[in-house]
Amino acid sequence: MKVIRLILGIIFPIIFVFGCATPQKSDFLDGNEKMQRGKYVRDWWADGKIDKQTLAKIYIAPVDVTRIKDFPEISAAYASNFLSMTIVFQIPTTTGFKIMSRPADATAKIALAITYMTPGSVFGRALAAEVGAGHAIVQVDGKVTDAATGKEIACFADRRHDTGSIGF
């Protein structure tokens, strides 16, 4: 009976607390309450239908890492660089849109922020990684604005967790 209480009292709360990947509200995005659950990112919002011409030439602003700190395992600068390089590679590859190096040449601008990051815990992973303990967690929030008007046309927030054993 004590074993069952132990399992119910410890294991299920661990699954509940560490197994979640719901983005937490950050001060980077305005109006998180208007977001809805997405297919590829957890929460998103768009101002109606966005035409392809608006996204034809995209400028990626430097990633904001002011909300996170450096860890011995990974620095904020490394995480920022990794995210930037991934986005710069993925957008043209998957969508056909062009990445512009100057904001003046763009039709849309994307601002990204890493709003939460932790490399996790080796001890936690060794103890109960299968239920999410010790996982590395990262949350990225983003805004897409029309370059001509400066109006926000989309935003998103996504939080991912992993064992952190292979890459970031």
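So, how was this worked out
Residues numbered from 1 in each chain as written. Predicted model: local features only at pLDDT ≥ 70, side-chain atom pairs only at ≥ 80, totals over all residues. Heavy atoms only, no water. Phe/Tyr/Trp six-rings, centres within 6.5 Å; stacked < 30°, edge-to-face > 60°. Helix = DSSP H or I, 4+ residues; strand = E, 2+ residues; numbered from the N terminus. Lys NZ or Arg CZ within 6 Å of the ring centre and 35° of its normal. Core = buried A, V, L, I, M, F, W, Y, C linked by side-chain atoms within 4.5 Å. Buried < 20%, exposed > 50% of the residue type's maximum accessible area, 1.4 Å probe, protein only. Contact = heavy atoms within 4.5 Å. Salt bridge = Lys/Arg side-chain N within 4 Å of Asp/Glu carboxyl O. Pairing = 2+ DSSP bridges.

Things to note about the packing of aromatic side chains
Describing an aromatic ring pair means giving the distance of the ring centres and the angle of the ring planes.
Here is step 1: By the definition in use, this model includes 1 aromatic pair.
Here is step 2: For the ring pair Tyr78 and Phe82, a centre distance of 6.4 Å and an interplane angle of 25° mean the geometry is stacked. Taken as a pair, Tyr78 and Phe82 lie in helix 2 (residues 76-95) at a separation of 4 residues, close to a single helical turn.
Here is step 3: For the cation-ring pair, Lys143 lies above Phe28, with the distance from its terminal atom to the ring centre recorded as 4.6 Å.

Quick word on the nonpolar core
Here is step 1: Counting 22 residues, the largest nonpolar core has Leu55, Ile58, Ile110, Ile114, Met117 and Val144 as its most contacted members.
Here is step 2: Listed by contribution, the elements that provide at least two residues to this core are strand 3 (57-60), helix 2, strand 5 (108-118), strand 6 (136-146) and strand 7 (152-162).
Here is step 3: In terms of residue count, strand 5 provides more of this core than any other element does, 5 residues in total.
Here is step 4: Excluding its chain neighbours within four sequence positions, the residues that come into contact with Leu55 are Ile50, Phe97, Thr107, Ala108, Val144 and Ile153.

Brief notes about the pattern of salt bridges
Here is step 1: Summed over the entire model, instances satisfying the criterion amount to 4 salt bridges.
Here is step 2: Residue Lys151 is joined to Asp47 by a salt bridge in which the shortest nitrogen-to-oxygen separation is 2.6 Å. Residue Lys151 is located in the loop between strand 6 and strand 7, and its partner Asp47 is located in the loop between strand 2 (43-46) and strand 3; the two are separated by 104 residues in the primary sequence.

Notes on the pairing of strand 7
Here is step 1: Here strand 2 runs beside strand 7; their pairing, made up of 4 bridges, is antiparallel. Looking at strand 7, one finds that Trp45 is bridged to Cys155.
Here is step 2: Summarising the sheet, strand 6 and strand 7 pair through 10 bridges and their orientation is antiparallel. The residue bridging Val138 from the neighbouring strand is Arg160, located in strand 7.
Here is step 3: The antiparallel hairpin formed by strand 6 and strand 7 contains 5 residues in its connecting segment, where Gly150 sits at a positive phi of about 80°.

Worth remembering: the numbers are spatial, not functional.
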